Amino acid sequence: MILWALPRRRHTDGLRPPMPNLTSLVVPAWQVQGYLNECLDSILRQQAVEGVEVVAVDDASTDHSGQVIDERAAADPRVVALHLPTNVGPGAARNAGLDRSTGEYVWFVDGDDRIAPGALAAVEARLLEEKPDVLLVGVARERWNRKVTRFVTPKKARTGAEALTVAPPPVGGLVVRRQFLIDAGIRFESGWYEDLAFGYAVLAATDNVATLEPPCYIHRMDRQGSLRGKSKRHVEAVRQWDRALSLSAVEQADPKTRRRVLNRAVNELLAIMENGSRVPEKARRAMFTEISGLLRKHEKRVSARPGGLGGLRLKLLASDSYAAYRMLRGGRGAAGGVVGKARGAAGKAKSTLRKANLLRYYKQQLRLPIDENLAVYAAYWYRGYACNPAAIYEKARELAPHVRGVWVVKPGARAVPEGVATVHPGTKEYYRTIARAKYMINNATFPPDVVKRPDAIQVQTHHGTPLKTMGLDQPRFPASLGNFNPERMRLNLAKWDFSITANRHTTLLWDRQFPIKGETLETGYPRNDRLALAGPDDVAAARAELGLGADEQVVLYAPTHREWHSVFTPPLDVDELAEALGPNVRILLRGHYFYDSIGFPPRHPRVLDVSSFPSVETLAIASDALITDFSSVMFDYAVLDRPLVIFAPDWEVYKAVRGVSFDLEADHPGTFVRTFDALVEAFRSGAIDDEAARQARGRFRERFCSLEDGHAAERVVRRVFLGEPLV
C-alpha cells in the first residue's frame, strides 16, 4: 500500500477561508455500539489532509451508538454528529450524511467496518493525482471469526453496462466525487441491497474511474446482529436489480451485453434465494415468482437464451415453474445432509452403553413439553453455587416463587446452601432438568451437547467486567488463545437470549466480542447487590464468619490468572507484605479459580489463604482494602468505595499477551504501583486513600459502577421471569 502523508494546509493571514475538505467520510450507525469506536478510531488516527471531516449519522439507534457519536464529536472538531429522528435504514442514512458533507469526495464507511492503517493518505494521494469521478479501492473481508481475506480490485475497472457483468463493488470500496453524484442524480435507494444498485449506478454513469488495489477498507461479513440475517426481506434484492437493469447504460447496450447482464442478475438472485442462511424455506417460492417477473420484464430486447440446461433453467424460471425448477436442481445436497446426520448419530453411539442410554433418555426428555416453571442454574462450569446466577436465584425465589430453581453442581463442589435443589452432571436427573427447563441461567457456558430448545430462555450472566480482550476479539492475541474454539463459541452465542452487562463499557465491548441476536440487559451485576447494600452489620458478620478481629486492618489480595503460568504463581510475596505492613494487618490471599482454588501456601501467621472460600463478596465486605492486578474483581470492589490498589509489575507482558480494553495505568481505580517497595510505601504513607486516590476511584466508579444500586438482580428477574420491560 502507498503510504503518503499530504502536506498540511496552513492559513497564516487569517483572511482566506479554509480550503474545502478533500474527503468527507460518511459513517451511518445503527445498533453498532460495539464497533463504532473502532471504526471512528480507524479514521481519526490516520494522517491525512487537514480539514478531513467525518459525518457520523445516528440512524435513531436504540443502543449507545448516538452517545458514542456525541462524545466523539465533542472531543474532535472533525466529527459532525447527525441524529435522525426515526430509523430510515442504511441507504437513507447515507443520503443524509451525503447531504451534510462538504468534501470534494465522499467515502461511505459503515459503523461496523473500518479503514486500513495508512489508507486515508493513500486514497487522497490517488485522488489528487488522477482526479477521477470514482476511485475503486481494495476491500478486505473479515469474517465473524476474525479471519481476513481480500477482494481483489481489478487494475482497470469496468464501466457502463460492462460494470454489471461482474460482481458489484462493495459500497466501502467506492470513493466518489460528490458533485458527480449530485449532477448524475445518484442516491441510495431504500431497502436491502441498496449498495448493489448504488454501486452499479455509479460505475455505469462514468468512465472516469481510477483504482487503488491494496485493501483500504475492511468489511465485516456475517457478524451476529448484522442487518441482513435470515429473512424473507432478501427478496428486496430483486427490486434493486430491477433498478440496475433499468439504467440507461444497460438499456442502450447491445443485445448480447444486455443478455450477459440479465443472466448475471438472475444467477445472483437465484443464489440468494437458495442460500439457506438467507432466505427461509417458506419464502423461497414467493421470491422465485419475483425473479420470474424480473426475467420476463427485461428479456424483451436481449439476445436469445442459451441452449442446454442453462436455457432450460431460464425457461422454467420465465414460466414461474418452481416445482419443475427444483426437480432440475436435484436433491443431492439434501441426501448428503441425511448421510452426514446418520454418521454423526453413529459416532455418538460408540460411547459406553450407559452414556448411550443416557443420551437416549435425554432425547426422549427433549420431546416432552417444556416445564414453564423450571429454571436450571450453573456457575463456573458446574463448580458450585456462586456469582450472578446465585444472586438471580435468590431474587427469583422472592419475586417469582412460582419458578422452581435447580442447580447443576459437580460432586464435591463448594458448599451449596441448605434448601437449594441440585443435580449432578451426567445423571438422569441432570438430563431431565436441562431438557425440560424453561430458563437456563449460567455465568459461563453449558457443555456443547446441551440442546437449547426454541421455546427455552437462556440467560448469560457473565462473571466480570472485562479489562482483558475476550470473545471474538481474542484471536488478535494468539499467545492467549489456548483452547479457544471460535466455532464452538459461535454455537454458544446463538443460544443466548439475554446477555447481562454491568456498565456501558462492557455493553460496547461485548456487542462486538460476544455478539448475539438476543437482548442485552445493561442492569449492573446481580452479584454486586450485596456490595451496594452492605452496611456495618454486614461487615461485622463477614468478619465473624472469617474469624477476623473487629480492629484488624484487613487487606484482600486477589491476583488474576496468567496464561503463561501453569500453577498459581502470585507476583506478590504476601508473607513479606504482611511483615512489612505491621502487626495490625491481616492479609487474605484469594487464588484464581482456574487454579482449582489453590492458593500459594502462606507461612506468615497474619496471612489467611481464602482461595477455597465460597463467596468472594463476603471477602470483599470483610476487607478494608483490595490489592489486585488485572482481575475483574477490581470493578466489583469499587462498588464498596474503599481503597483499591493495582499492583502490576508485569503490566507490559499482560498487555502484549492478552490485550486490554483501556489503559489501566492511566485510568486506575485509586493507586497503581509496579514494585513491592512502592506498594508498601503507598500503604504506610496513606496514599492508598488520599485525595488523589479518592478522585481516581470516583472517576472509576462513575465509569464502571453507576448502575450498582443494589437492585440489579431485581431488574433481571422482572425482565426474564416476569416479562416486564427494562427501565
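Position numbers for residues count from 1 along each chain, tracking the sequence in the order it is written. Note on the predicted model: pLDDT of at least 70 is required for a residue's local features to be given, and 80 or more for side-chain atom pairs to be given and counted; whole-chain, interface and lining totals, by contrast, use all residues. Side-chain numbers here rest on the full set of heavy atoms in the structure, without hydrogens or water.

(A) Seen up close, the pairing of strand β1 (residues 23-29). Relative accessible area decides the class of each residue, using a 1.4 Å probe on protein chains only: under 20% of the type maximum gives buried, over 50% gives exposed, and in between gives partly exposed. By the criteria applied, helices consist of DSSP H or I runs no shorter than four residues and strands consist of E runs no shorter than two, each listed in order from the N terminus. Judged by how many residues are buried, β1 sits mostly within the fold: seven of seven residues are covered. Residue alternation in β1 divides its side chains into two sets, T23, L25, V27 and A29 and S24, V26 and P28, and both sets are buried. A pair of strands is treated as paired once DSSP finds two or more bridges between them. Relative to strand β4 (residues 105-108), β1 is paired through four bridges, and the arrangement is parallel. Counted as the bridge partner of V26 is F108 from β4.

(B) Quick look at the confidence of the model for the protein. As a per-residue measure, pLDDT tells how confident the predictor is, with possible values from 0 to 100. On average, the protein scores 89 in pLDDT, and the residues at 70 or more come to 91%. Pairs of residues are marked as contacts when any of their non-hydrogen atoms sit within 4.5 Å. Between residues 1-17, whose pLDDT stays under 50, and residues either more than four places distant or in other chains, the model counts 31 contacts. Scored below 50 in pLDDT, residues 331-351 shows one contact in the model against residues more than four places distant or in partner chains.

(C) Just the packing of aromatic side chains, in detail. Classification of ring pairs rests on two measures: the distance between centres of Phe, Tyr or Trp rings, Trp counted by its six-membered ring, which must be within 6.5 Å, and the angle between planes, read as stacked under 30 degrees, edge-to-face over 60 and tilted in between. The tally for this structure, following the rule as stated, stands at 26 aromatic pairs. Summarising the aromatic geometry, the rings of Y382 and Y430 are spaced 5.9 Å apart at their centres and angled 75 degrees between planes, so their arrangement reads as edge-to-face. With Y382 in the loop between β10 (371-378) and α15 (387-399) and Y430 in helix α16 (residues 428-436), this residue pair connects regions lying 48 residues apart in the sequence. Assigned by exposure class, Y382 and Y430 land together as buried. Among the aromatic residues, those joined into a ring-pair cluster are Y362, Y382, Y430, Y431 and F446.

(D) Examining the sheet that holds strand β17 (residues 553-558) more closely. Read across the sheet, six strands follow the order β19-β18-β17-β20-β21-β22 without closing on themselves; strand pairing throughout is parallel. Looking along the sheet, the strands with just one partner apiece sit at the ends: β19 (607-609) and β22 (671-673). Going across the sheet, the axis of each strand differs from the next one's by a mean of 20 degrees, ignoring polarity. Axis definition: a line fitted to C-alpha atoms, limited for helices to the stretch in contact. Angles are taken between N-to-C directions and run from 0 to 180 degrees.

(E) Summary view of the nonpolar core. In plain words, nonpolar cores are sets of buried Ala, Val, Leu, Ile, Met, Phe, Trp, Tyr and Cys residues tied together by side-chain atoms within 4.5 Å. Membership of the largest hydrophobic core comes to 62 residues, with the highest contact counts inside it found for L164, F198 and W241. Per-element accounting of this core gives the leading share, eight residues, to helix α9 (residues 255-274). Contacts of W241, omitting those with residues within four sequence positions, involve L164, L196, Y200, R264, A265, E268, L269 and L294. Counting 39 residues, the second largest nonpolar core, distinct from the first, contains A379, Y380, A400 and A502.

(F) A look at the state of the cysteines. Here, two cysteine sulfur atoms that lie within 2.5 Å of each other are counted as a disulfide. With the rule as written, the count across this model stands at zero disulfides. Lacking any disulfide linkage, C216 is separated from the closest cysteine sulfur, that of C39, by 15 Å. Not part of a disulfide, C387 finds its nearest cysteine sulfur in C705, a span of 15 Å.

(G) Here's a closer look at helix α1 (residues 33-44). In this scheme, a helix's expected span is set at 1.5 Å multiplied by one less than its residue total. Helix length check: α1, at 12 residues, gives a terminal C-alpha distance of 17 Å against a target of 16 Å (1.5 Å per residue), a fit within 8%. Among the residues making up α1, those that are buried are Q33, G34, Y35, L36, E38, C39, L40, D41, S42, I43 and L44.

(H) Structural context of the environment of K355. For K355, the location among the structural elements is in helix α14 (residues 353-367). Look at K355 and you get partly exposed, because its relative accessible area is 42%. On a C-alpha basis, the gap between K355 and G723 in space is 37 Å, while along the polypeptide they are 368 residues apart.

(I) Seen up close, the packing of α9 against helix α11 (residues 308-318). Between α9 and α11, the shortest axis-to-axis distance is 12 Å and the interhelical angle comes to 75 degrees. Our classification of the angle between α9 and α11 gives roughly perpendicular. When α9 is examined against α11, the residues R259, N263, V266, N267 and L270 are found in contact with a partner set consisting of R313, L314 and L317. A breakdown of the residues in the contact of α9 with α11 according to their chemical character gives four nonpolar, two polar and two charged. In this scheme, roughly parallel covers angles under 35 degrees and roughly antiparallel covers those over 145, while 65 to 115 is roughly perpendicular and the rest are oblique. Gly is placed with the polar residues, together with every amino acid not listed as nonpolar (Ala, Val, Leu, Ile, Met, Phe, Trp, Tyr, Cys and Pro) or charged (Asp, Glu, Lys and Arg).

(J) Up close: the sheet that holds strand β15 (residues 498-501). The sheet built from seven strands is open, its strands ordered β12-β11-β10-β13-β14-β15-β16 with parallel pairing. Of all the strands in the sheet, just β12 (421-423) and β16 (519-522) have a single pairing partner and so form its edges. Neighbouring strand axes in the sheet, compared pairwise and without regard to direction, differ in orientation by 25 degrees on average. Sheet analysis places strand β13 (residues 437-442) next to strand β14 (residues 457-460), joined by four bridges and oriented parallel. The residue bridging Y439 from the neighbouring strand is I457, located in β14. Strands in contact with α16 are β10, β11 (404-408), β12 and β13; relative to β13, the strand with the most contacts, it is inclined by about 100 degrees.

(K) Molecular detail of the environment of R114. Here R114 lies in strand β5 (residues 114-115). Since its relative accessible area comes to 13%, R114 is described here as buried. Placed 82 residues apart in sequence, R114 and V32 show a C-alpha to C-alpha distance of 12 Å. The contacts of R114, once residues within four sequence positions are left out, are E38, C39, S42, V109, E142, Y217, I218, R220 and R476. Within polar-contact distance, the side chain of R114 engages the side chain of E142 at 2.8 Å. Here a polar contact is recorded for every N or O atom pair within 3.5 Å, except that within protein the pair must consist of a potential hydrogen donor and a potential acceptor, and residues adjacent in sequence are included only if both atoms are side-chain atoms.

(L) Quick look at unusual backbone geometry. Within the chain, W381 stands out as a residue other than glycine whose phi angle is a positive 55 degrees. Within the element layout of this structure, W381 appears in the loop between β10 and α15. Here W381 falls in the partly exposed class, since its relative accessible area comes to 33%. Located in the positive-phi region is C387, a residue other than glycine, with phi close to 60 degrees. Summarising the element assignment, C387 is placed in helix α15.

(M) How the structure looks around helix α20 (residues 536-546). Where α20 is concerned, the buried positions are A542, R543 and L546. Down the axis of α20, the buried side of the element spans an arc of 95 degrees, and every buried residue falls inside it. Summarising the geometry of α20, the exposed residues directed more than 90 degrees from the buried face are D537, A544 and E545. Where α20 terminates, the next one or two residues include G547, which has phi positive at roughly 75 degrees. The reported arc concerns the directions from the helix axis to the C-beta atoms and nothing else.

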